[in-house]
Amino acid sequence: MSGFAAPKIESVRIGVIGLGHRGPSHIQVLRHLDGIEIRALCDLLPERAEAARHSLEGTPHKPTLYSGGASEWKRLCEQPDIDLVYITTPYYMHASMAVYAMECGKHVASEVPIASTIGDCWKLIDTAERTRRHCMMLENYAYGPFQVLTLNMARKGFFGEVVHGECAYNTSKMSNNFGKNFYWDMWWLKLYAAKRGNIYPTHGLGSVAQIMNINRGDRFDFLVSVESNDFMMGAAARQLAARDDFYRPFAGKEYRGNVNTSIIRTVKGRTIMVQHDATSPRGPHSVIHAITGTKALAQEYPLPPRISNSLKGWLPQKDYDDLVRQYTPAITTRIGELARQIGAGHGGTDLLEDWHLIDCLHNGLPLDQDVYDGVAWSSIVPLSEWSVLNRSGSIQIPDFTRGAWQTNQPNMDIDLHHGGNTRVIG
Ligand SMILES: NC(=O)c1ccc[n+]([C@@H]2O[C@H](COP(=O)([O-])OP(=O)(O)OC[C@H]3O[C@@H](n4cnc5c(N)ncnc54)[C@H](O)[C@@H]3O)[C@@H](O)[C@H]2O)c1
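Residues numbered from 1 in each chain as written. Predicted model: local features only at pLDDT ≥ 70, side-chain atom pairs only at ≥ 80, totals over all residues. Heavy atoms only, no water.

**Notes on the sheet that holds strand β3 (residues 64–67)**
The strands that make up a sheet pair up through hydrogen bonds in the backbone, lying either parallel or antiparallel. One open sheet accounts for six strands, arranged β3-β2-β1-β4-β5-β6; its pairing is parallel. Of all the strands in the sheet, the pair left with one neighbour each is β3 and β6 (135–137). The average angle at which neighbouring strand axes cross in this sheet is 20 degrees, direction not considered. Judged from the four bridges that link them, strand β2 (residues 36–43) and β3 form a sheet pairing that is parallel. (Pairing = 2+ DSSP bridges. Helix = DSSP H or I, 4+ residues; strand = E, 2+ residues; numbered from the N terminus. Axes fitted to C-alpha atoms, helices over the stretch in contact; angles between N-to-C directions.)

As structure tokens, then:
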């Protein structure tokens, strides 16, 4: 399925499962795209399905609603006049929903991570290969301006050989996680009490993996993962429970460590550090995004982004700006400004991601991230957990491409050599 292109779809008919935070933000982006129809919406909670339908009033989209039962999403997948199913539910549900949607003949676009067990990783691959359906994980951070800039620079040889990458999802989620109604059923807090390891690796890792051509000339070989103890979540739960009985069930739980640091080694001998910290009282958000090459370095966080290609230190602003002008690819120059104008989420990256997905489907082109990418990046969830539970022992990362990584070609067309004709409606 690497390089796979489905027949062109003139108007992409879409169903969305999961209408908490992420589902509605995709809907608000999709409604700005020409050549799509939102045909169905599903959420367990009827009021969320209704609110999402309401947000589309006055547009040409007249979706069928599914809600009120935990399996209603299956009926959405079975609806015949749908080409693409967006999955934006809690992440441990993604794989089974994606597999069922592909079995029903639909292409899939799933939020991150797409899988949380190795068994689910293989089910996704087997199903995508057998049904010949796209199965894209929506790693939107890979569309950030600095991420796409450094991908282009790597492709053009600016870094020389890329030796090492550092990435993270380090951002404070304490108040969201302890919020009674922030996430459905407080699912994130429950995950923090149920799992160890890096439970959210893909935001930083996706772009670094693309820069290293993972699954296309190199692949992940093994990892080790080290985790701190929990110094904050248990204490916060106990403090809240002292004032409010609602939190009593959370007070006796043991939470995953606050900071997880995993190191991946690739078969070509490169290394990647992936970190997760969602508990520290940190103001600044960071995905780090540091690229170390034989000829140059780049680092996005702590802001501002910087580049160095000599022993003199970081490049002065003027030289940095020249490089940005020289290496910013078409996907950012053409679509980035439109994304900012319509106020798309995550600094506009959500529009780039959804726009290019739809544009590739319109034009019968391979997608930016294939099933092997989504699965390899997500596999860090269960593998880092195994390592943490085994005194940080090393664990092999499966070759999800079954050997094809040696011949697969890069597949994110950031220069828009093909397609690029999908209109963004203001
Ligand atoms: N890419 C990004 O930047 C980004 C940002 C936020 C969240 N996410 C990912 O998006 C996903 C959703 O996160 P969220 O913040 O929207 O969560 P959320 O809790 O706000 O929303 C989840 C929704 O799923 C619904 N749901 C639960 N079980 C269901 C079922 N059986 N059938 C139908 N609907 C069901 C819930 O009612 C809820 O409305 C997660 O996997 C998360 O990791 C990605």
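**Examining the nonpolar core**
Ranked by internal contacts, the top residues of the largest apolar core, which has 134 residues, are L124 and F220. Among the elements that take part in this core, helix α14 (residues 349–363) stands out by supplying seven residues, more than any other. When residues of this core are assigned to domains, at least three fall in each of domain 1 (12–140) and domain 2 (141–329 + 371–406). If we ignore the near neighbours within four places in the chain, the residues touching F220 are L205, A209, I214, I264, R265, T266, I272, A376, W377 and I397. (Core = buried A, V, L, I, M, F, W, Y, C linked by side-chain atoms within 4.5 Å. Buried < 20%, exposed > 50% of the residue type's maximum accessible area, 1.4 Å probe, protein only. Domains from an automatic or database assignment. Contact = heavy atoms within 4.5 Å.)

**What about the site of the ligand?**
Taken together, 28 residues are adjacent to the ligand, and H21, R22, D43, R48 and V112 come closest. Taking A70, its main chain carries an N or O atom lying 3.1 Å from a nitrogen atom of the ligand. A distance of 2.8 Å separates a nitrogen atom of the ligand from a polar atom in the side chain of N140. Its free accessible area being 850 Å², the ligand has 95% of it covered by the protein chains. Here the ligand is seated within the largest pocket. (Near = heavy atom within 4 Å. Polar contact = N/O pair within 3.5 Å; in protein donor to acceptor, adjacent residues only side chain to side chain. Areas by Shrake-Rupley, 256 points an atom, 1.4 Å probe, with all protein chains shown as cover. 1 Å grid on protein atoms, 1.4 Å probe; cavity = no way out; pocket = protein on both sides within 12 Å on 5 of 7 lines; lining within 4 Å. Sits in = over half its atoms within 2 Å of the grid points.)

**A closer look at the sheet that holds strand β13 (residues 306–308)**
Taking strand neighbours across the sheet as the criterion, the eight strands line up as β13-β12-β11-β7-β10-β9-β8-β14 in an open arrangement whose pairing is mixed. Lying at the two open borders of the sheet, with one neighbouring strand each, are β13 and β14 (395–396). Two strands pair when backbone bridges link them, and strand β9 (residues 259–266) and strand β10 (residues 271–277) are joined in this way by seven bridges, in the antiparallel orientation. From the neighbouring strand, T261 faces β10, where its bridge partner is Q275.

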